[in-house]
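Spelled out from the first residue to the last, the chains are:
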Amino acid sequence: MANRSLRSICEQALYRSIFLPRHPRRSLRLLETFLLRPDLALLVRHLEIDLSWRYPGIFPASQVPPVLQPYGLEALCLAKNIQSLSLAGAADWIWEPEMAKFREAIFKLKLVRLQVPLIRDPHTEYVCVWPGNSDIEDDWDGDLGDEIRKLLRAQPLLEEFKLADTSITYKTSASLRDRLKASDIRSLKSLQAAPHVALAFLPVSDRLESLNLTLEEWGDRLSSDIETNAATAKLSVRRFTIRVWYHDEWLWKNLTKVFALFPKTEELSIAINSLTTAKGVEPARYYFEKVSNDVHVLPSLRHLRVTFETLYPETPKIFERIAVPIAGRLGTIELWDGLYGAKRWASSKVIVEN
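So, a few notes on the structure that sits alongside this text. (Residues numbered from 1 in each chain as written. Predicted model: local features only at pLDDT ≥ 70, side-chain atom pairs only at ≥ 80, totals over all residues. Heavy atoms only, no water.)

### Some thoughts on the environment of Arg29
Right, on to step 1. Considering the arrangement of structural elements, one finds Arg29 in helix 2 (residues 24-36).
Right, on to step 2. Residue classification places Arg29 among the partly exposed positions, given a relative accessible area of 37%. (Helix = DSSP H or I, 4+ residues; strand = E, 2+ residues; numbered from the N terminus. Buried < 20%, exposed > 50% of the residue type's maximum accessible area, 1.4 Å probe, protein only.)

And the structure:
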């Protein structure tokens, strides 16, 4: 009796939050477990799963149990209590006609957080061969922007939306800007997206507290567009994250203009991509000092973090401590390197707190 009780307690802890974003084989086994033990599926609240096993070119079809074909829908439907979801390895589920039942299942969930790591935008101008049926988008005459809106509208409790993919076309983002309404994202508090996609959310997000802008080249037009469209969210954003290129000359000359877009920011995070050891590249201290000299436009700032990232494994290990005055206070800068998957990322961070 005691063993049975202990097992139940352990299962509740183990299955409450599951992180398998880069493990298609383990994701496959998890879905099998859901079919065998529906009671465990009901315990899941947070799920990050990799569905790339759907593609024969990536994962042998012979290794996928027939019961999970074509995309594990029956198993996923058993996890009815999911509140936080990330679907890696599935780039077309939002719009592909064959995935209609899959979308319906996602729509029925009561999600608080949703992450879409990758979207295969059928409106792309580039020709790309994808595993599986690559001809569907040639015949699809739909609107991806409208499909994204339908997804959001089906989730009235959604507080956090991560659309990290930077390959979404301007055609899709323009459609989203034309169609998205405040009633579609009534609970949204946190957004991660490319700047041209975020432009669709800013005018209608009156509760937005956290904004994470992914990589994009900055310029007068982008800055002006954000300033114009951010009137609603301008004073509500408290956490502002921006990922930028180290060679973006316009941005480094206009940091104050970018920071001032959200003047009530209390927590600022800047990820600089990518710091290399190539000749002619400014040292890390240069970027830290640029940031520290320009955060004066954020009077409410109490936490600052700056990271450098690079995918070059030959970058040597960096570690040093530098003290620079930031907004009238003394901040500590630490440079460190970490691991991202199997590749080494050279990283640095600045943390300034009261």
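### Quick word on the packing of helix 7 (residues 144-153) against helix 8 (residues 170-179)
Right, on to step 1. Two numbers describe how helix 7 lies on helix 8: the axes approach to 7 Å, and their chain directions differ by 50 degrees. Classified by the angle between their axes, helix 7 and helix 8 sit oblique to one another. Handedness of the crossing formed by helix 7 with helix 8: right-handed. Touching Leu144, Gly145, Asp146, Ile148 and Arg149 of helix 7 are Thr172, Ser175, Leu176 and Arg179, all from helix 8.
Right, on to step 2. Among the residues making up the contact of helix 7 with helix 8, the classes are represented as 3 nonpolar, 3 polar and 3 charged. (Axes fitted to C-alpha atoms, helices over the stretch in contact; angles between N-to-C directions. Parallel < 35°, antiparallel > 145°, perpendicular 65-115°, else oblique. Left-handed = near helix turned anticlockwise from the far one by under 90°. Contact = heavy atoms within 4.5 Å. Nonpolar A, V, L, I, M, F, W, Y, C, P; charged D, E, K, R; others polar.)

### Notes on the pairing of strand 8 (residues 239-245)
Right, on to step 1. Judged by which residues are buried, strand 8 turns out to be one-sided: Phe240, Ile242 and Val244 face inward and are buried, whereas Arg239, Thr241, Arg243 and Trp245, on the alternate face, are not.
Right, on to step 2. Where strand 7 (residues 210-213) lies against strand 8, 4 bridges are found, and the strand directions are parallel. Looking at the pairing, Asn212 lines up with Thr241 of strand 8.
Right, on to step 3. Handedness of the crossover is the feature at issue here: the chain leaves strand 7, passes through helix 10 (residues 220-229), returns alongside strand 8, and the resulting connection is right-handed.
Right, on to step 4. Where strand 8 and strand 9 (residues 267-273) come together, 7 bridges link them in parallel fashion. The residue bridging Phe240 from the neighbouring strand is Leu268, located in strand 9. (Pairing = 2+ DSSP bridges. Right-handed = clockwise from strand over helix to strand, strands pointing away.)

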